[in-house]
There are 2 protein chains.
Amino acid sequence: MDGESEHIDGRKARGNKRRAEIIDATLAIVTRDGAAGVTHRTVAKQAGITTSLSTYYFATLDDLLVAALSSVADTYTTRIRQIIDGPGDKLRGLAELIAESAGPGRERALAERELSTLAARRPALAPVARRWRENVAELAATLTDDPEAIAALVAASDGLCTAILIDNAPADTDYVRRILTRAIHAHRDAVVS
Amino acid sequence: MDGESEHIDGRKARGNKRRAEIIDATLAIVTRDGAAGVTHRTVAKQAGITTSLSTYYFATLDDLLVAALSSVADTYTTRIRQIIDGPGDKLRGLAELIAESAGPGRERALAERELSTLAARRPALAPVARRWRENVAELAATLTDDPEAIAALVAASDGLCTAILIDNAPADTDYVRRILTRAIHAHRDAVVS
DNA sequence: GTACAACTAGGACTATCGTTCAAATACATG
DNA sequence: CATGTATTTGAACGATAGTCCTAGTTGTAC
């Protein structure tokens with residue numbers, strides 16, 4: 001709550017490596033057992049360290065969850081920014097990113113969703129959880145000026161991820177791209193009715 | 001797993017009232033503290049009963065969570081079916097339902113999302129969690145034959161709920177309806193590019 | 001080397017968890 | 001009333017949780 005919370009985050013150089021290890025272990029746990037499985041003990045065992053060492057770097061479990069969610073969000077932010085700044089078909093890039101949730105990226109996407117849901121309860125997680133949506137919105141903003149089209153694309157992206165994760169929906173890139181396109185490019189005539 | 005699991009579910013008439021009370025208490029807990037806050041003890045205290053009575057009706061915590069999620073899903077199923085069978089503008093009805101997530105229905109929608117996310121881990125919850133999407137798809141099927149349009153509407157509905165719950169996005173009914181319309185009614189020309 | 005801060009280990013304290021159990025109570029049926 | 005079943009209680013067991021504490025180790029600046 002107060003300024004004292006930094007005295008743990010800002011250790012020295014060597015400690016940051018440990019921090020990263022602990023965060024990775026946390027994500028492995030979220031991946032395998034869900035956010036509910038994250039405890040100082042399980043994380044420590046996963047990381048091959050003692051329990052107290054985990055509390056040394058993350059005084060409370062919340063600190064640890066915030067750090068883990070931030071790490072996942074950073075990964076997605078980087079990926080989307082590559083798509084935005086890249087030369088190719090941005091919608092297709094986004095579609096590929098989404099479609100990954102069905103394959104190798106499933107566990108990571110699941111972890112992200114789990115932590116995002118957690119964010120609805122813990123204010124500290126909220127701003128981090130919002131980043132994914134903001135990034136997609138930014139990508140959409142390069143394709144259209146219509147704010148509703150942007151909102152539609154963000155909603156479609158999120159809904160498609162859910163469909164893939166929860167519903168095991170088909171995750172063909174072209175298919176995903178067509179649905180994304182549908183959201184962002186709608187004729188005015190069609191919208192009226 | 002075996003047939004023995006029914007010997008608790010199918011008590012007598014009086015017991016079903018208790019069951020309903022316990023489920024309501026569970027939803028109240030999920031609403032207030034999230035799914036992680038659901039324990040036999042917290043539920044029992046919320047319901048004003050003893051802990052062992054909660055285990056009497058729901059032998060395991062999973063049983064209780066399944067029952068709670070089923071209860072929420074039933075509510076939504078009923079609402080959507082009213083919209084489908086009703087006379088009015090179905091898309092508007094859906095938009096109203098979604099927009100409710102910002103107001104009085106927020107807690108309930110949050111509970112549903114929380115339990116749905118849980119479903120990704122617990123197979124017992126998965127079929128129940130799928131119902132909401134199937135219902136929306138059924139509604140969409142009354143408006144179009146295009147399977148991609150149906151998928152797009154389901155994705156948009158889900159994404160809009162998320163936006164409202166996590167992002168505190170605007171929840172104006174007309175606004176929501178316009179975005180839904182955009183998903184289901186897209187011109188072929190627009191889709192191409 | 002000495003001193004000081006960063007880091008690590010191991011254990012302990014208290015709390016709460018899921019679940020079980022034997023005993024009590026309520027209720028219906030005879 | 002008697003009897004059996006459904007319901008309810010209160011307590012308990014073993015397991016695990018978050019967090020804290022003390023002592024030991026490592027690394028670095030002087």
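Computed from a predicted structure; not experimentally measured. (Residues numbered from 1 in each chain as written. Chains lettered and ligands numbered in written order. Predicted model: local features only at pLDDT ≥ 70, side-chain atom pairs only at ≥ 80, totals over all residues. Heavy atoms only, no water.)

**Student:** I keep staring at the overall build of chain A and nothing clicks. Help me out?
**Tutor:** Helix and strand counts for chain A come out as 11 helices and zero strands. For chain A, the succession of helices and strands along the chain, N to C, is α-α-α-α-α-α-α-α-α-α-α. By the burial criterion, 51% of the 193 residues in chain A qualify as buried. Counting only carbon and sulfur atoms, one obtains 51% of the accessible surface of chain A, whose full area is about 9,000 Å². (Helix = DSSP H or I, 4+ residues; strand = E, 2+ residues; numbered from the N terminus. Buried < 20%, exposed > 50% of the residue type's maximum accessible area, 1.4 Å probe, protein only. Areas by Shrake-Rupley, 256 points an atom, 1.4 Å probe, with all protein chains shown as cover.)

**Student:** Would you mind going over the interface of chain A and chain B with me for this structure?
**Tutor:** By a widespread convention, an interface's size corresponds to the accessible area lost as its parts come together. The partner chain B presents 43 residues to the 43 residues of chain A that form the contact. A buried area of about 4,000 Å², summed over both sides, lies between chain A and chain B, and 53% of it is on carbon and sulfur atoms. Contact with chain B buries area across many residues of chain A, yet Arg121, Glu148 and Arg182 of chain A alone supply 21% of it, more than any other trio. Our count for the contact surface shared by chain A and chain B stands at eight salt bridges. Put simply, arginine 182 of chain B and aspartate 146 of chain A hold a salt bridge, and the shortest N to O gap is 2.9 Å. Inspection of the chain A/chain B interface yields 12 residue pairs in polar contact (both at pLDDT 80 or more). Those elements that place two or more of their residues in the side of chain A that touches chain B are helix 2 (13-33), helix 7 (106-119), helix 8 (126-141), helix 9 (147-167), helix 10 (173-184) and helix 11 (188-192) of chain A. Among the residues forming the side of chain A that touches chain B, the class breakdown is 18 nonpolar, 10 polar and 15 charged. (Contact = heavy atoms within 4.5 Å. Buried area = accessible area lost by both parts, 1.4 Å probe. Salt bridge = Lys/Arg side-chain N within 4 Å of Asp/Glu carboxyl O. Polar contact = N/O pair within 3.5 Å; in protein donor to acceptor, adjacent residues only side chain to side chain. Nonpolar A, V, L, I, M, F, W, Y, C, P; charged D, E, K, R; others polar.)

**Student:** Explanation requested: the relation of the copies chain A and chain B in the structure shown.
**Tutor:** After a rotation of 180 degrees and a shift along the axis of 0.0 Å, chain A superposes on chain B with an RMSD of 0.1 Å. With respect to symmetry, the two chain copies, as superposed, fit the operation of a two-fold axis. (Least-squares fit on C-alpha atoms with pLDDT ≥ 70 in both.)

**Student:** How should the pattern of salt bridges be read in this particular structure?
**Tutor:** As enumerated under the stated definition, the model contains 26 salt bridges over all chains in all. Across the pair arginine 131 of chain A and aspartate 74 of chain A runs a salt bridge whose closest N-O atoms are separated by 2.3 Å. Of this pair, arginine 131 of chain A sits in helix 8 while aspartate 74 of chain A sits in helix 5 (residues 61-85); the two residues are 57 residues apart in sequence, bridging distant segments of the chain. Residue classification places arginine 131 of chain A among the partly exposed residues on the basis of a relative accessible area of 24%. One continuous salt-bridge network, built from bridges that share partners, spans Arg130, Arg133 and Asp158 of chain A together with Asp167 of chain B.

**Student:** Even after reading the chapter, I still don't get the nonpolar core, so can you show me in this structure?
**Tutor:** Considering soluble globular proteins, one finds that nonpolar side chains tend to be buried as a cluster. Counting residues in hydrophobic clusters, the biggest one holds 121 residues, and the most contacted among them are Ile98 and Leu180 of chain A together with Ile98 and Leu180 of chain B. Filtering out sequence-adjacent residues up to four positions away, leucine 180 of chain B remains in contact with Leu91, Leu94, Ala95, Ile98, Leu153, Ala156, Ser157 and Leu160 of chain B. (Core = buried A, V, L, I, M, F, W, Y, C linked by side-chain atoms within 4.5 Å.)

**Student:** Which parts of the structure should I look at to understand the packing of helix 7 of chain A against helix 9 of chain A?
**Tutor:** How two helices pack is summed up by the angle between their axes together with the distance between the axes. Residues and elements named next belong to chain A. Between helix 7 and helix 9, the shortest axis-to-axis distance is 11 Å and the interhelical angle comes to 110 degrees. Taken together, the axes of helix 7 and helix 9 are roughly perpendicular relative to one another. The handedness of the crossing between helix 7 and helix 9 is left-handed. Of the residues in helix 9, those touching helix 7 at Arg106, Ala109, Leu110 and Arg113 are Thr162, Ile164, Leu165 and Ile166. Looking at side-chain class alone, the contact of helix 7 with helix 9 contains five nonpolar, one polar and two charged residues. (Axes fitted to C-alpha atoms, helices over the stretch in contact; angles between N-to-C directions. Parallel < 35°, antiparallel > 145°, perpendicular 65-115°, else oblique. Left-handed = near helix turned anticlockwise from the far one by under 90°.)

**Student:** Would you take a moment to explain helix 7 (residues 106-119) of chain B for this structure?
**Tutor:** Helical periodicity: at 3.6 residues per turn, an α-helix aligns residues three or four positions apart in one direction. The end-to-end C-alpha distance of helix 7 of chain B, which contains 14 residues, comes to 20 Å, matching closely the 20 Å that a straight helix rising 1.5 Å per residue would cover. With 12 of 14 residues buried, helix 7 of chain B is to be regarded as a mostly interior element. (Expected span 1.5 Å × (residues − 1).)

**Student:** I tried to follow unusual backbone geometry on my own but got confused; where do I start?
**Tutor:** Residue and element names in this part refer to chain A. The phi dihedral of asparagine 168 is positive, around 55 degrees, even though this residue is not glycine. Position of asparagine 168 relative to the elements: it lies in the loop between helix 9 and helix 10. Residue classification places asparagine 168 among the exposed residues on the basis of a relative accessible area of 56%.

**Student:** Even after reading the chapter, I still don't get helix 8 (residues 126-141) of chain B, so can you show me in this structure?
**Tutor:** Counted at 1.5 Å a residue, the expected span for helix 8 of chain B with its 16 residues is 22 Å, and the 23 Å between its end C-alpha atoms agrees. By the largest-angle criterion, tryptophan 132 of chain B marks the main kink of helix 8 of chain B, which is about 30 degrees. Close packing links the buried residues of helix 8 of chain B with helix 9 of chain A together with helix 5 (61-85), helix 6 (90-99), helix 7, helix 9 (147-167) and helix 10 (173-184) of chain B. (Bend = angle between axes of the 7 residues up to and from the residue.)

**Student:** It is not clear to me how the UniProt feature "DNA-binding region" (unreviewed entry) in chain A should be interpreted in this structure. Could you clarify?
**Tutor:** In the UniProt entry, the feature "DNA-binding region" (unreviewed entry) is given for residues 39-58 of chain A. End C-alpha to end C-alpha, residues 39-58 of chain A measures 11 Å, and it is 75% helix and 0% strand. (UniProt positions renumbered as here; feature names shortened; annotations may be inferred.)

**Student:** I'm lost on the side chain of threonine 144 of chain A in this one. Help?
**Tutor:** All names here are of chain A. Mapped onto the secondary structure, threonine 144 falls in the loop between helix 8 and helix 9. A polar atom in the side chain of threonine 144 sits 3.1 Å from the backbone nitrogen of aspartate 146. Ignoring any residue separated from it by four or fewer positions in sequence, one finds threonine 144 in contact with Ala149, Ile150 and Ile184.

**Student:** What should I look at first to understand the environment of alanine 120 of chain A in this one?
**Tutor:** Tracing the sequence through the fold places alanine 120 of chain A in the loop between helix 7 and helix 8. Once residues within four sequence positions are removed from consideration, alanine 120 of chain A is found in contact with Leu110 and Ile166 of chain B.

**Student:** Would you mind showing me how to read the environment of aspartate 62 of chain A here?
**Tutor:** Along the chain, aspartate 62 of chain A falls in helix 5. Counting along the chain gives 60 residues from aspartate 62 of chain A to arginine 122 of chain A, while the straight-line C-alpha distance between them is 8.5 Å.

**Student:** Just checking my understanding: could you explain the packing of helix 10 of chain A against helix 10 of chain B for this structure?
**Tutor:** Look at helix 10 of chain A against helix 10 of chain B: their axes get within 7 Å of each other, and the N-to-C directions meet at 135 degrees. As the angle between them shows, helix 10 of chain A and helix 10 of chain B are arranged oblique. Of the two elements, helix 10 of chain A crosses helix 10 of chain B, and the hand of that crossing is right-handed. Contacts between helix 10 of chain A and helix 10 of chain B involve Arg182, Ala183 and Ile184 of chain A from the first element and Arg182, Ala183 and Ile184 of chain B from the second. Among the residues making up the contact of helix 10 of chain A with helix 10 of chain B, the classes are represented as four nonpolar, no polar and two charged.

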